[in-house]
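Residues per chain are reported as follows:
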Amino acid sequence: MTEDYFAGPVAERYDSTLDEWGDPAAVAATADFLAELAGDGTALELGIGTGRIALPLSARGVRVHGIDLSVDMVAQLRAKPGGGDIPVAIGDFATTRVGEGFSLAYLVFNTIGNLTSQEAQVACFENAAAQLRPGGCFVVEVGVAVREPLHVFALSDTHIGIDEYDPATQRLVSHHFTLVDGRWELRSIPFRSVSPAELDLMARLAGIRLRERWSGWRREPFTAESRRHVSVWEKP
C-alpha cells in the first residue's frame, strides 16, 4: 500500500462519513471485544487512522500503538483528547514494525483490503504474527464479497456508496459519492477482496491458527448469510 487515499479533505471529513461504523454502540462493542483479547498486554492497530477504535480501547486501559500510511489521518487522531498519547509509526502496515511482544494486533473496517495484492496481504499476516507474543491474537474485520458486479452499500441524502467487483481478479473498487457544499464529489478506493478461507491460509503461512470467527463484534454466529466476519488467529 503505497498511495494515500485518505489525505487532505478525506481525512478531515472521515469521521463524519462513517455512518453505522461510527455509532457509539458499535464502537463500544468493538473496543470491548478487543480489550478482552488484549488483557493486561499491549495492542497494535494496523491502519489506526483517526483513532475511531484506538481511543476507546485506550480508555479501557489498553496500551495501544499504531501504524498508518496517512499523515493526515494521524493528524486527526492527534487533535483528539488522548490522541497525542498513542505512539504511531508512519508507514505501510504490511511491512512496518514497531516492536515485539504485543498481546493483540488488529485490522478493522475492511482495512486488510487496502492491500491490493495477495503478496501484500500475506506480508501483513507475517508482519502481525512477528510482533505478537506467544498466545497473542491477530484480529481482522472484513466484509464477505457480494457476488454481483455492482452493489449499493450506502444510500442517504449526502452519501452514496457503490462497490464494483470483478471475481476474476478479486479486485473491488468502492465508489463514494458525497455531497459537499452543494456539489457531489466522487472518491474511488481500490481493494482486494479476500475470502475467509484464503485468510486462514495466509495465517497458516504466518504460523498462526484460527481460534474463532464471528459475524460481528458481539460474537454473532458466522453463517452462509453473514456479510462480514470478525476472525481471530492465535500465535502458538
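The present account deals with the structure reproduced in this document. Note that the coordinates shown come from a computational prediction; the quantities given were computed from them, not determined experimentally.

Notes on the overall build of the protein chain
Right, so step 1: The secondary structure content of the protein chain amounts to six helices and 11 strands.
Right, so step 2: By its C-alpha atoms, the protein chain is 50 × 40 × 35 Å across when sized along the principal axes.
Right, so step 3: Looking at the protein chain as a whole, 49% of its 236 residues are labelled buried.
Right, so step 4: Sequence-distant contacts, at least 24 apart, represent 59% of the contacts inside the protein chain between residues at least 6 apart.
Right, so step 5: As presented, the protein chain carries roughly 11,100 Å² of accessible surface, and 53% of it is formed by carbon and sulfur atoms.
Right, so step 6: Averaging the coordinates of the 22 positive side-chain charges in the protein chain and doing the same for the 32 negative ones gives two points 5 Å apart.

Some details on unusual backbone geometry
Right, so step 1: Although it is not a glycine, Asn110 sits at a positive phi angle of roughly 65 degrees.
Right, so step 2: Structurally, Asn110 can be placed in the loop between strand E4 (102-107) and helix H5 (118-131).
Right, so step 3: For Asn110, a relative accessible area of 27% gives the class partly exposed.
Right, so step 4: Positive phi is not limited to glycine here, since Asp181 has a value of about 50 degrees.
Right, so step 5: Residue classification places Asp181 among the exposed residues on the basis of a relative accessible area of 79%.

Observations concerning helix H2 (residues 24-38)
Right, so step 1: With 15 residues, H2 should cover 21 Å at 1.5 Å per step; its first-to-last C-alpha distance of 21 Å lies within 8% of that length.
Right, so step 2: Looking only at H2, the buried set comprises Val27, Ala29, Thr30, Ala31, Phe33, Leu34, Ala35, Leu37 and Ala38.
Right, so step 3: On its buried face, H2 is in contact with helix H3 (54-59), E4, strand E5 (132-143), strand E10 (209-214) and strand E11 (228-234).
Right, so step 4: For H2, the N-terminal cap is Asp23; the gap from its side-chain oxygen to the backbone nitrogen of Ala25 is 3.1 Å.
Right, so step 5: Of the residues flanking the end of H2, it is Gly39, one or two places downstream, whose phi is positive at about 60 degrees.

Describing H5
Right, so step 1: In this model, H5 (14 residues) spans 20 Å end to end at C-alpha, consistent with the 20 Å of a helix rising 1.5 Å per residue.
Right, so step 2: Taken together, the buried positions of H5 are occupied by Ala120, Gln121, Val122, Cys124, Phe125, Asn127, Ala128, Ala129 and Gln131.
Right, so step 3: Check the buried side of H5 and you find it contacts strand E1 (42-46), E4, E5, strand E9 (183-192), helix H6 (196-205) and E11.

Calculation rules
- Residues numbered from 1 in each chain as written.
- Predicted model: local features only at pLDDT ≥ 70, side-chain atom pairs only at ≥ 80, totals over all residues.
- Heavy atoms only, no water.
- Helix = DSSP H or I, 4+ residues; strand = E, 2+ residues; numbered from the N terminus.
- Buried < 20%, exposed > 50% of the residue type's maximum accessible area, 1.4 Å probe, protein only.
- Contact = heavy atoms within 4.5 Å.
- Areas by Shrake-Rupley, 256 points an atom, 1.4 Å probe, with all protein chains shown as cover.
- Lys, Arg positive; Asp, Glu negative; His and termini not counted.
- Charge placed at Lys NZ, Arg CZ, Asp CG, Glu CD.
- Expected span 1.5 Å × (residues − 1).
- Polar contact = N/O pair within 3.5 Å; in protein donor to acceptor, adjacent residues only side chain to side chain.

Purely geometric stuff here, so don't read any function into it on its own.
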